[in-house]
Amino acid sequence: MPQDDTFVIVGLTGGIASGKSTVANMMAELGARIIDADVIARKIVEPGEPAWEDIREAFGDEVLRDDDTLDREALGKVVFGDREARKKLESITHPRIGQRMMERAQQIRSEGHHWVIYDAALIVENGIHEWLDSLIVVAADRDVQIKRVMERDNMSHDEAVQRLDAQMPLEEKIAVADYVIDNNGTLQQTREQVEQIYQQIEEGVRTRGTAKPADEDAQT
Ligand SMILES: CC(C)(COP(=O)(O)OP(=O)(O)OC[C@H]1O[C@@H](n2cnc3c(N)ncnc32)[C@H](O)[C@@H]1O)[C@@H](O)C(=O)NCCC(=O)NCCS
Ligand SMILES: Nc1ncnc2c1ncn2[C@@H]1O[C@H](COP(=O)(O)OP(=O)(O)OP(=O)(O)O)[C@@H](O)[C@H]1O
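What counts and what doesn't
- Residues numbered from 1 in each chain as written.
- Chains lettered and ligands numbered in written order.
- Predicted model: local features only at pLDDT ≥ 70, side-chain atom pairs only at ≥ 80, totals over all residues.
- Domains from an automatic or database assignment.
- Contact = placed C-beta atoms within 7 Å.
- Helix = DSSP H or I, 4+ residues; strand = E, 2+ residues; numbered from the N terminus.
- Nonpolar A, V, L, I, M, F, W, Y, C, P; charged D, E, K, R; others polar.
- UniProt positions renumbered as here; feature names shortened; annotations may be inferred.
- Buried ≥ 20, exposed ≤ 12 C-beta atoms within 10 Å, placed from the backbone.
- Pairing = 2+ DSSP bridges.
- Near = placed C-beta within 6 Å.
- Axes fitted to C-alpha atoms, helices over the stretch in contact; angles between N-to-C directions.
- Parallel < 35°, antiparallel > 145°, perpendicular 65-115°, else oblique.
- Left-handed = near helix turned anticlockwise from the far one by under 90°.

(A) Molecular detail of the domain arrangement of the protein chain. Assigned domains within the protein chain: domain 1 (1-33 + 113-215) and domain 2 (38-112). In this complex, domain 1 contributes 10 residues to the contact, which on the side of domain 2 involves 10 residues. Listed by contribution, the elements that provide at least two residues to the side of domain 1 that touches domain 2 are strand E3 (115-119) and helix H7 (157-165). A breakdown of the residues in the side of domain 1 that touches domain 2 according to their chemical character gives 5 nonpolar, 3 polar and 2 charged.

(B) Region of the structure containing the UniProt feature "binding site: ATP" (unreviewed entry) in the protein chain. Here, UniProt's "binding site: ATP" (unreviewed entry) annotation points to Ala17, Ser18, Gly19, Lys20, Ser21 and Thr22. Within the secondary structure layout, serine 18 lies in the loop between strand E1 (8-13) and helix H1 (20-30). Judged by the 27 C-beta atoms lying within 10 Å of it, serine 18 falls in the buried class. Beyond its immediate chain neighbours, meaning those up to four positions away, serine 18 contacts Val138, Ala139, Ala140, Gln145 and Asn183. If you trace the backbone, serine 21 turns up in helix H1.

(C) Looking closely at the pairing of E3. Counting buried positions over the 5 residues of E3 gives 5, a clear majority of the element. Residues Trp115, Ile117 and Asp119 point to one face of E3 and Val116 and Tyr118 to the other, with burial holding for every one of them. Where E1 meets E3, 5 bridges bridge the pair, whose relative direction is parallel. Each bridged residue has a counterpart across the sheet, and for glycine 11 the counterpart in E3 is tyrosine 118.

(D) Structural detail: the site of ligand 1. Around ligand 1 sit 19 residues in total, of which Ile16, Ala37, Arg72, Gly76 and Ala121 are the nearest. If you tally residues by element for the shell around ligand 1, the top one is helix H5 (residues 83-110), at 5 residues. Here the shell around ligand 1 gathers at least three residues from each of two domains, domain 1 (1-33 + 113-215) and domain 2 (38-112).

(E) Molecular detail of the site of ligand 2. Near ligand 2 lie 16 residues; those nearest to it are Lys20, Ser21, Thr22, Arg148 and Arg152. Looking at the shell around ligand 2, the elements that each hand over two or more residues are H1, helix H6 (142-153) and helix H9 (187-208). If one sorts the elements of the shell around ligand 2 by residue count, H1 sits on top with 3 residues.

(F) Just the packing of H1 against H9, in detail. Packing of H1 against H9 brings their axes to within 10 Å, and their N-to-C directions diverge by 55 degrees. The pairing of H1 with H9 is recorded here as oblique in orientation. Between H1 and H9 lies a crossing of right-handed hand. Residue-level inspection shows Thr22, Val23, Met26, Met27 and Leu30 of H1 in contact with H9, the latter providing Thr190, Arg191, Val194, Glu195 and Tyr198. A breakdown of the residues in the contact of H1 with H9 according to their chemical character gives 6 nonpolar, 2 polar and 2 charged.

(G) How the structure looks around the sheet that holds strand E5 (residues 179-182). Judged by pairing direction, the sheet is parallel, and its 5 strands sit side by side in the order E2-E3-E1-E4-E5 without closing on themselves. Where the open sheet ends on each side, the last strands, each with one partner, are strand E2 (34-36) and E5. The sheet shows a mean angle of 20 degrees between the axes of neighbouring strands, taken without regard to direction. Both E1 and strand E4 (residues 134-139) contribute to a ladder of 4 bridges, which runs parallel. Looking across to E4, one finds that leucine 12 is bridged to isoleucine 136. Running at roughly 160 degrees to E3, H1 makes contact with E1, E2, E3, E4 and E5 of the sheet. H9 contacts E1, E3, E4 and E5 of the sheet and is inclined by roughly 165 degrees relative to E5.

Put into structure tokens, the structure is as follows:
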């Protein structure tokens with residue numbers, strides 16, 4: 001039996017525009033607490049923050065706007081076409097994103113919650129799934145991802161492909177997933193899968209102290 005102080009972090013990941021935010025919003029509507037890595041990533045680079053200072057030093061004033069905020073489009077153009085530059089940016093941002101995430105998780109735990117979802121694009125790339133309780137992967141076919149990212153971000157086909165290619169292939173993420181959500185269909189079809197997984201997590205956390213599915217838990 002789990003203790004009253006059970007607290008687990010469930011990762012939510014998938015490629016760009018696969019539907020992570022869409023799934024996270026559905027989970028939140030059902031009552032889940034969410035930590036969004038993209039939101040943290042934006043906060044830590046606000047003017048004057050240590051990560052902003054480091055980015056300015058590494059990439060120069062060309063990636064800043066007149067008001068000193070980060071020119072995300074300009075920085076995106078630099079890092080998505082250049083692996084080394086991307087690694088440099090990640091070495092500045094990722095440790096700080098991780099730290100803020102842990103602080104938020106502790107806060108949510110102290111409010112009496114027993115689980116939280118960590119929504120982040122690069123969980124598997126960074127090996128973070130190794131120390132999370134369990135992992136949900138949102139899957140969408142490559143052409144669906146490209147179409148959705150082009151529409152949402154008003155991006156060219158080439159830019160969309162470049163971003164997709166900066167991430168690990170979906171199959172490698174699915175290989176380490178506890179739950180896979182197929183988000184190629186309608187939002188209603190996705191919602192049905194989300195509701196089922198939410199119930200499984202609630203039940204698992206309450207009765208076994210883990211968000212992993214019961215059958216998988218039995219195998220391990
Ligand atoms: C390069 C930046 C400025 C571009 O900003 P922009 O507003 O155009 O994109 P946004 O931040 O909304 O990211 C959109 C999506 O791009 C993908 N993405 C972002 N950073 C990366 C990366 N380093 N590697 C691969 N994919 C990435 C993710 O799927 C993300 O959800 C920004 O993405 C950034 O600061 N990236 C580094 C921080 C990071 O790794 N964030 C990812 C979540 S941990
Ligand atoms: N099942 C669906 N049917 C139609 N459109 C969808 C569906 N799921 C998501 N979308 C749309 O596709 C786009 C990408 O979805 P979303 O923003 O949830 O992806 P994401 O994985 O969070 O993206 P990112 O990695 O860029 O943060 C959004 O415009 C969203 O409204």
